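Structural overview
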Amino acid sequence: MTEASAPSVPPGVDPNVPAPARLYDYYLGGTHNYPVDREAAEQIRKLIPELSDAAWANRGFHQRAARWIALQDVRQFIDIGSGLPTVGNTHEVVQRVDPAMRVVYVDHDPLVLAHSAPLLAGQRRTRAIQADLRKPDQLLSHPDLTGLIDFSQPTGLMMTWVMHFVADSDDPQGLVARYLAALAPGSYLALSHVTNEKTPPASVAAAEALYAKASEQLYFRPRADVQRFFDGLELISPCPNTAAEVVHTGDWGAEDPELADSDGSRWSWCGVARKS
Ligand SMILES: C[S@@+](CC[C@H](N)C(=O)[O-])C[C@H]1O[C@@H](n2cnc3c(N)ncnc32)[C@H](O)[C@@H]1O
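Anyway, here's the lowdown on the structure attached to this text. What you are looking at is a predicted structure, and each value in this text was computed from that prediction instead of being measured.

1. Observations concerning the side chain of Glu50
By the element assignment, Glu50 lies in the loop between helix H2 (35–47) and helix H3 (51–70). It is Arg266 that comes nearest to the buried, bridge-free Glu50 among opposite-charge side chains, at 9.0 Å. One polar contact links Glu50 to Trp267, side chain to side chain, over a distance of 3.0 Å.

2. Here we look at the packing of aromatic side chains
Tallied over the entire structure, the rule returns six aromatic pairs. A ring pair is formed by Phe61 and Trp252, whose centres lie 5.8 Å apart and whose planes are at 75 degrees; its orientation type is edge-to-face. With Phe61 in helix H3 and Trp252 in the loop between strand S7 (247–248) and helix H11 (257–260), this pair connects stretches of sequence that are 191 residues apart. Considering the side-chain rings of Trp68 and Tyr188, the 5.5 Å spacing of their centres and the 85 degrees angle between planes classify their relative orientation as edge-to-face. Here Trp68, found in helix H3, pairs with Tyr188, found in strand S5 (residues 188–194); they are 120 residues apart in sequence, far enough to count as distant. With a relative accessible area of 6%, Tyr188 lands in the buried category. Seen from the ring of Trp269, Arg223 lies directly overhead, with NZ or CZ sitting 4.9 Å from the centre.

3. What about unusual backbone geometry?
Of note, the phi angle at Trp161 is positive, near 45 degrees, even though the residue is not glycine. By the element assignment, Trp161 lies in the loop between strand S4 (156–160) and helix H8 (172–181). You will see that Asp171, though not glycine, has its phi angle at about 55 degrees, which is positive. Counting through the fold element by element, Asp171 comes out in the loop between S4 and H8.

Quick notes on the rules
Residues numbered from 1 in each chain as written. Predicted model: local features only at pLDDT ≥ 70, side-chain atom pairs only at ≥ 80, totals over all residues. Heavy atoms only, no water. Helix = DSSP H or I, 4+ residues; strand = E, 2+ residues; numbered from the N terminus. Buried < 20%, exposed > 50% of the residue type's maximum accessible area, 1.4 Å probe, protein only. Lys, Arg positive; Asp, Glu negative; His and termini not counted. Salt bridge = Lys/Arg side-chain N within 4 Å of Asp/Glu carboxyl O. Polar contact = N/O pair within 3.5 Å; in protein donor to acceptor, adjacent residues only side chain to side chain. Phe/Tyr/Trp six-rings, centres within 6.5 Å; stacked < 30°, edge-to-face > 60°. Lys NZ or Arg CZ within 6 Å of the ring centre and 35° of its normal.

Any link to function would need more than the numbers given here.
This is the structure:
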């Protein structure tokens, strides 16, 4: 997808402080980032050489999960913590399944909106809004969201690599439950989250230190905590003939389970689940 011009430093963006959206964009090989992000990312890459693999394992999960949900009885998506436009954006993935699919992107970083707005100009079925997921009432009542999403119909809720930017004091599991409560039966949640369970402690400490200087802190969580995001939902089997459970990102929908089990993939847990 080609992109129309967006302001290089929009109001509300501090180009001197690394930001999760720009760091992730850099990990994925994108160009929507500043020198401060690139320097920070390269520091961390010295200790985590599989950084880009971890990001792509997550992005691959996001795309496979979105496509899988689009093949169910779902015709609309809310993508919270959507990030900067990249290759294979959610609306492109799901509108390939059905061009009538409706998608609302949500992110609190003004740079995401600045880059998304020109891309989505003139599109009737895809919108981007700026909102903080820690304020669910404001987010869910945003007129651009309520104008496109029909809450009486099933929705695909994408929350990939975002809840690890939410502190325990903000009740991350409670927030996800609040979003799910607003959605109709038959809706799906796709969620991924970084973990420190199978990763070297020095690398984890380096990542925590980097994000401590960024606009958002990073909170690693164990599998049991990630599992709790899916409480009350019916987890979907990540692959045919496998148990319905939370797995590493590469393993969800993997075509080749051996190749999918990469060092990068082990940095995250993920799952897809259905609301009854
Ligand atoms: C690592 S990116 C993930 C992008 C995409 N979901 C993916 O997995 O490919 C995380 C995004 O979440 C956004 N984010 C972090 N905290 C947020 C919050 N409280 N409300 C809304 N967006 C948030 C960041 O601005 C960033 O764009």
